[in-house]
Amino acid sequence: MPTKPLSNFKCTECGWKTPRWAGRCGECQAWGTVVSAAESTGLQGQVRAVSVDEASIARPITEIETDAAMHWATGITEFDRVLGGGLVPGVAILLSGEPGVGKSTLLLEVAARAAQEHLRVLYVSAEESVGQIKMRAERTRSLSPTLMLAAETDLATILGQIDAVMPHLVIVDSVQTVSSSQIEGAAGGPTQVRAVASALIRVAKERSLPVLLVGHVTKDGSIAGPRVLEHLVDVVCQFEGDRQTALRFVRTLKNRFGPTDEVGCFEMTGEGIREVPDPSGLFLSRGSEAVSGTCVTVALEGRRALPVEVQALVVSTTAPNPRRVTNGVDASRVSMLLAVLERRLNVKLSDKDVYVSTVGGVKLTEPSADLAIALAIASANNDRALPHNFVAFGEISLAGEVRPVTSSDLRATEARRLGFTRILGPGQTGIRQAFAKAFEPAG
């Protein structure tokens, strides 16, 4: 007697298969993504071919006519820079970020600028009431008669609002809190998020209507919900910032209509969000006299070169395990540089507490800051200040070499524009020669 075949289930995130249903995927550990294989693929039986209309039949690529995507500026220069020039008709943009970083404030400013150009904007909030949004709009001076507000969590009602208002721009805050009564599962689940995003994106494409979606993030900073959400949209932007500082960065992770290496710089104020077109002075604390333990480097944020001041403090200690405290730099990278300094330059630091920090709350993640960090530590240890007009960038290897970094010419050009005349780059082959040049008297 043949055995009854078991039902086949599949994870909609990673494709993991199991003969029985499970609440959690055994491969990617995602919850609520295991569904019937027929449901996940949409194949209930044999699919029959249909006749293709002559107007939509495949044509040679050489005969395809293309129209350049026309951007229209939002009025926020830094946001337009990230998007590649502005919004494109029919574009679907996903903006993600930590809670409280300022996503709603930024999009409310985008909506207000568009409304000031006599465009109808529909701002749908599934997290706040219209009264709360108006209070924020009054504080940020974003009131406009063509800015329409709606507090809805049902997808069908939101689509009805779009039909009633006929807007030129739609903002939905957020896609994880909107649900459809025709789809099983709670709001925020993979099935609901996928259905809601697909419906809104379909409306955007059919009506050439730009749609901006706010997305939640998980504990590790990645976008919450199914991975297919990022594939459905045209642009994925990430809003970054530290709650302890007012500085905010917007960068693109995906952009079908522009570059993905641009960065927009903003500052959160009591009256809303403000653009920072030239953030050079935010990461420098230059006094009238040179101070030991400080060194300036030039970091790259996308295509933008930013001068950043690195500060170090070295203090003698009798504790068996000296402290290594960092802020804005990678702790493991600093530990490696301390080992290189002690081994290659005989700088004894094993009996001293070392503190390394950046100015302005900026985070240095690229290895080009190695040389500046090492020079700041050596300057603090010797109590010998580097000159005011000095800047350094370069990667330090374990062998004591100063290795080349990307966009050295761009970094040097930005340093000269800001008045730094002594530039120490990766032209020196060894760390000993680089340090000798850094601390030599100005001639």
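Note that the structure is a prediction, hence the values are computed from the model and not measured.

> Outline the overall build of the protein chain, listing residues and values.
When you go through the protein chain residue by residue, the secondary structure sums to 11 helices and 20 strands. Oriented by its inertia axes, the alpha-carbon framework of the protein chain measures out at about 80 × 70 × 50 Å. By the burial criterion, 44% of the 443 residues in the protein chain qualify as buried. Nonlocal contacts in the protein chain, meaning residues at least 24 apart in sequence, comprise 66% of its contacts between residues at least 6 apart. As displayed, the protein chain has an accessible area near 22,600 Å², and 51% of this comes from carbon and sulfur atoms. Between the averaged position of the 46 positive side-chain charges in the protein chain and that of its 48 negative side-chain charges there is a distance of 5 Å.

> How would you sum up helix α9 (residues 370-382)? Please name residues and give values.
The terminal C-alpha atoms of α9, which comprises 13 residues, lie 18 Å apart, in line with the 18 Å expected from a rise of 1.5 Å per residue. Of all 13 residues making up α9, 11 are buried, and the element is well covered by its neighbours. Within α9, burial applies to Asp370, Leu371, Ala372, Ile373, Ala374, Leu375, Ala376, Ile377, Ala378, Ser379 and Ala380. One or two steps after α9, the chain reaches Asp383, where phi turns positive at roughly 55°.

> Could you give me a rundown of the sheet that holds strand β1 (residues 9-11), with the residues and numbers involved?
Spatially, 3 strands are ordered β2-β1-β3 in an open sheet, and the strand pairing comes out antiparallel. Of all strands in the sheet, those with a lone pairing partner are β2 (17-18) and β3 (34-36), marking the two edges. Judged from the 2 bridges that link them, β1 and β2 form a sheet pairing that is antiparallel. Across the sheet, residue Phe9 finds its bridge partner in β2, namely Thr18.

> Report on the packing of aromatic side chains, specifying residues and quantitative values.
All chains considered together, the criterion is met by 2 aromatic pairs. Judged by centre distance (6.4 Å) and plane angle (85°), the rings of Phe239 and Phe266 are edge-to-face. Here Phe266 lies in strand β11 (residues 263-269) and Phe239 lies in strand β9 (residues 235-241), a separation of 27 residues in the sequence. Side by side, Phe239 and Phe266 carry an identical accessibility label, which is buried. Seen in terms of ring centroids, Phe435 and Phe439 are 6.3 Å apart; in terms of plane orientation they differ by 50°. Their pairing is tilted. For Phe439, a relative accessible area of 12% translates into the label buried.

> Give a detailed account of the environment of Glu78, specifying residues and quantitative values.
Checked against the element boundaries, Glu78 lands in helix α2 (residues 77-83). Considering only alpha carbons, one finds Glu78 and Asp173, 95 residues apart in sequence, at a separation of 21 Å. If we skip the residues at most four places from it in the chain, Glu78 touches Val263, Gly264, Cys265, Phe266, Glu275, Val276, Pro277 and Arg304.

> Which residues make up the pairing of strand β6 (residues 147-150), and what values do they have?
The sheet contact formed by strand β5 (residues 121-125) and β6 spans 4 bridges and is parallel. Looking at the pairing, Leu122 lines up with Met148 of β6. The β-α-β motif built from β5, the intervening helix α4 (residues 130-139) and the parallel element β6 has right-handed crossover chirality.

> Can you tell me about the state of the cysteines, naming the residues and giving the values?
By the definition in use, this model includes 0 disulfides. The thiol of Cys237 is unpaired, and the distance to the nearest cysteine sulfur, on Cys265, comes to 15 Å. Take Cys265: its relative accessible area is 0%, and that puts it in the buried class.

> Can you break down the packing of helix α8 (residues 331-344) against α9 residue by residue, with the values?
At their nearest, the axes of α8 and α9 sit 10 Å apart, and the two run at 60° to each other. Overall, the two elements α8 and α9 adopt an arrangement that is oblique. Classified by chirality, the crossing of α9 by α8 is right-handed. Contacts from Arg333, Val334, Met336, Leu337, Leu338 and Leu341 in α8 reach Asp370, Ile373, Ala374 and Ile377 in α9. Counted by class, the contact of α8 with α9 contains 8 nonpolar, no polar and 2 charged residues.

> Give me helix α10 (residues 408-417): which residues, what numbers.
Looking at α10, one finds that the buried residues are Arg411, Ala412, Glu414 and Ala415. Buried residues of α10, viewed axially, fall in a sector of 165°; they line one side. For α10, exposure combined with an orientation more than 90 degrees from the buried face picks out Asp409 and Arg416. Contacts from the buried residues of α10 go to β13 (294-301), β14 (304-316), β17 (390-392) and β20 (422-424).

> Please give an account of the pairing of β13 that cites residues and values.
In terms of burial, β13 is a largely internal element, 8 of the 8 residues being buried. With burial as the criterion, each face of β13 is covered, one bearing Thr294, Val296, Val298 and Leu300 and the other bearing Cys295, Thr297, Ala299 and Glu301. In this structure, β13 lies alongside β14, joined through 8 bridges in antiparallel fashion. Each residue of the ladder has a partner; that of Glu301, found in β14, is Arg304. Connecting β13 to the next strand, β14, in antiparallel fashion are 2 residues, including Gly302 with a positive phi near 70°.

> I'd love a proper account of the side chain of Glu262, names of residues and values included.
Summarising the element assignment, Glu262 is placed in the loop between β10 (247-255) and β11. On the basis of relative accessibility, which here comes to 11%, the residue Glu262 falls in the buried class. Beyond its immediate stretch of four places on either side in the chain, Glu262 contacts Arg81, Val82, Val250, Arg251, Thr252 and Arg303.

> So what about the sheet that holds β9? Which residues, and what values?
An order of β6-β5-β7-β8-β4-β9-β10-β11-β12 is seen for the 9 strands of this open sheet, with the pairing classed as mixed. Looking along the sheet, the strands with just one partner apiece sit at the ends: β6 and β12 (272-275). The sheet shows a mean angle of 25° between the axes of neighbouring strands, taken without regard to direction. Alignment of strand β4 (residues 92-97) against strand β8 (residues 211-215), held across 5 bridges, turns out to be parallel. Following the sheet pairing, Leu94 is matched in β8 by Leu213. Across the face of the sheet, helix α3 (residues 103-116) comes into contact with β4, β5, β6, β7 (169-173), β8, β9, β10, β11 and β12 while running at roughly 160° to β5.

Calculation rules
Every residue gets a number counted from 1 within its own chain, in the order that chain's sequence is written. Only residues with pLDDT of 70 or above have their local features reported here, since the model is predicted, and side-chain atom pairs are shown and tallied only from 80 upward, although totals for entire chains, interfaces and linings are computed over all residues. Excluded from the side-chain calculation are hydrogens and water; included are all heavy atoms of the structure. Each helix is a run of DSSP H or I of at least 4 residues and each strand a run of E of at least 2, with the numbering of both proceeding from the N terminus. Here the term buried applies to any residue with accessible area under 20% of the maximum for its type, exposed to any over 50%, and partly exposed to those in between, with areas from a 1.4 Å probe on protein chains only. In this analysis, two residues are considered to be in contact whenever any of their non-hydrogen atoms come within 4.5 Å of each other. Accessible areas in this description were obtained via Shrake-Rupley with a 1.4 Å probe; residue shielding takes into account the shown protein chains only. Residues scored as positive are Lys and Arg, those scored as negative are Asp and Glu, and His as well as the terminal groups of each chain are ignored. Note on charges: their place is set at NZ of Lys, CZ of Arg, CG of Asp or CD of Glu. Expected span of a helix: the number of residues minus one, times 1.5 Å. Pairing between two strands requires that DSSP report at least two bridges joining them. Side-chain rings of Phe, Tyr and Trp, where Trp is taken by its six-membered ring, are said to pair if the distance between their centres is within 6.5 Å; with planes under 30 degrees apart they count as stacked, over 60 as edge-to-face, and otherwise as tilted. The handedness rule is simple: strands pointing away from the viewer, and a clockwise path from the first strand over the helix to the second, make the crossover right-handed. Cysteine sulfur atoms are paired as a disulfide whenever they come within 2.5 Å of each other. Each axis is a line fitted through C-alpha atoms, taken for helices only over the stretch in contact, and angles between the N-to-C directions span 0 to 180 degrees. Should an angle lie under 35 degrees it is considered roughly parallel, over 145 roughly antiparallel, and from 65 to 115 roughly perpendicular; all remaining angles are considered oblique. A clockwise turn of the near helix away from the far one marks a right-handed crossing, whereas an anticlockwise turn of less than a right angle marks a left-handed crossing. Gly counts as polar in this scheme, as do all residues outside two lists: the nonpolar Ala, Val, Leu, Ile, Met, Phe, Trp, Tyr, Cys and Pro, and the charged Asp, Glu, Lys and Arg. The directions from the helix axis to the C-beta atoms are what the arc is built from.

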